[in-house]
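Results of the structural survey
Spelled out from the first residue to the last, the chains are:
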Amino acid sequence: MLQSQLCRETDFSQTWFVDACVKLNEPMRFHRKLWEWCYIYEALRERGKLMPFRRGLGFGVGKEPLAAAFASQGAEIVATDLDVDLAKAQGWVDTNQHAVGLADLNEKGLCDPHQFQQLVSYESADMNNIHPKYTGQFDFTWSSCSFEHLGSIEHGKRFIVNQMKCLRPGGVAVHTTEYNLTSNVATLEAPVLVIFRHQDIEAMAAELRGEGYLVTVDYTAGTGPFESYVDLPPYSNPVHLRLLLGQYVSTSIGLIIEKP
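It should be emphasised that the depicted structure is a prediction, and the values quoted were computed from it without experimental measurement.

A separate point is the nonpolar core. Counting 41 residues, the largest nonpolar core has Phe-70, Ile-77 and Trp-142 as the members making the most contacts within it. For this core, the secondary structure elements donating two or more residues are helix H1 (15-24), helix H2 (32-46), helix H3 (66-72), strand E3 (76-81), helix H5 (113-119), strand E5 (138-144) and strand E6 (167-180). Considering every element that reaches this core, the biggest residue donor is H2, with nine residues. Those residues in contact with Ile-77, other than ones at most four positions away along the chain, are Gly-56, Ala-67, Phe-70, Ala-71, Leu-119, Val-120, Ser-121, Phe-140 and Trp-142. Grouped together as the second largest cluster of nonpolar side chains are 33 residues, Phe-138, Ile-160, Ala-205 and Leu-208 included.

Now for H1. Among the residues making up H1, those that are buried are Trp-16, Phe-17, Ala-20, Cys-21 and Leu-24. Down the axis, H1 shows its buried residues gathered within 140 degrees of arc, on one side only. Of the exposed residues in H1, the ones pointing more than 90 degrees away from its buried face are Thr-15 and Val-22. Positive backbone phi, approximately 55 degrees, marks Asn-25, located one or two places after H1.

Moving on: the pairing of E5. Burial within E5 is extensive, with seven of its seven residues counted as buried. Note: strand E2 (residues 55-58) against E5, three bridges, orientation parallel. Along E5, the bridge assignment pairs Gly-58 with Trp-142. Across six bridges, E5 lies against E6 in parallel orientation. In the strand pairing of E6, Ser-143 is matched with His-175. Taken together, E5, helix H6 (residues 153-162) and E6 constitute a β-α-β crossover, and its handedness is right-handed.

Below, the discussion takes up H2. Helix length check: H2 (15 residues) gives 21 Å between terminal C-alpha atoms against 21 Å at 1.5 Å per residue, within 8%. The buried count for H2 comes to twelve of 15 residues, which makes it a mostly enclosed element. If you check which residues of H2 are buried, you get Arg-32, Leu-34, Trp-35, Glu-36, Trp-37, Cys-38, Tyr-39, Ile-40, Tyr-41, Glu-42, Ala-43 and Leu-44.

This next bit is on the packing of H1 against H2. At a minimum axis distance of 9 Å, the contact between H1 and H2 shows a crossing angle of 100 degrees. Overall, the two elements H1 and H2 adopt an arrangement that is roughly perpendicular. For the pair H1 and H2, contact is made by Trp-16, Phe-17, Ala-20, Cys-21, Lys-23 and Leu-24 and by Leu-34, Trp-35, Trp-37, Cys-38, Tyr-39, Tyr-41 and Glu-42, respectively. Considering only residue class, the contact of H1 with H2 consists of eleven nonpolar, no polar and two charged.

Conventions we followed
Every chain begins its residue count from 1, and numbering advances along the sequence as written. Reporting in this predicted model follows two pLDDT cut-offs: at least 70 for local features of residues, and 80 or more for side-chain atom pairs to be given and counted; totals over whole chains, interfaces and linings ignore these cut-offs and use all residues. By convention in this description, side-chain values take in all heavy atoms of the structure and omit both hydrogens and water. As used in this record, nonpolar core signifies buried Ala, Val, Leu, Ile, Met, Phe, Trp, Tyr and Cys residues forming a set joined through side-chain atoms within 4.5 Å. Each residue gets one of three labels from its accessible area relative to the maximum for its type: buried under 20%, exposed over 50%, partly exposed in between, using a 1.4 Å probe on protein chains only. Per the convention used, a helix needs a DSSP run of H or I reaching at least four residues, while a strand needs a run of E reaching at least two, with both numbered from the N terminus. Contacts are assigned to residue pairs with any non-hydrogen atoms lying within 4.5 Å of each other. Working note: the arc is built from the helix axis to C-beta atom directions. DSSP bridges decide pairing: two strands pair if at least two such bridges lie between them. Every crossover in which the path from the first strand over the helix to the second runs clockwise, viewed with the strands pointing away from the viewer, is termed right-handed. In this analysis, the expected span of each helix is defined as 1.5 Å times one less than the number of residues it contains. Angles shown run from 0 to 180 degrees and are taken between the N-to-C directions of axes, each axis being a line fitted to C-alpha atoms and, for helices, limited to the stretch in contact. Any angle from 65 to 115 degrees is called roughly perpendicular, while one under 35 is roughly parallel, one over 145 is roughly antiparallel, and all others are oblique. Here the nonpolar group is Ala, Val, Leu, Ile, Met, Phe, Trp, Tyr, Cys and Pro; Asp, Glu, Lys and Arg are the charged ones; every other residue, Gly included, is treated as polar.

Listed below in structure tokens is the structure:
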């Protein structure tokens, strides 16, 4: 069963990864965004969350295929993202990474249109100020590389801890974000993007464990040939497991947090 871990080249040859690619109708490629989607899908599938009468809450969903994929398995989904005016101000609309309506979340046709309309709703939400109406309402929560855009490392930490309140007992949260492979001391911390260090992830995990949640993190980084390549701006190489952000090499890390 998947645990919290870094994006690794070896994952791309695993049966769970191949099966998730099929469910998401995504061609196999060595790209960390694809890893994030497959990782989130598999972590929730393994824990029995992708089935009828389960309820999921997605944060910062953009145009990702996960909401439709989850609904195709019978789960009821509340997909959320930034208010459109804020998304425009931050450039997400101009880069076609922000959904303007429900139909954008099923543009690949992963879910039967009638079933999608019945099971998926779309709302604006502020990840720095999660509305109390979500408290205790969901069997799972997720986000794919969203909480590094909340303004600071501390804002990201607070989101991860606070979003656990949205879960029912036995619920599961799966979130991916940027991870600093270069340094555990210096890092990038800007209003539009931060890169979390080992110490930041450990601080999150310690606080979560202190509140009774289960999280186990494996920081083992792979050493395969595709992992030796670091993609540079404008990030056009098809091999994109690691990338340079400022002066730091980054990859994706996935966190799985379980509520007793």
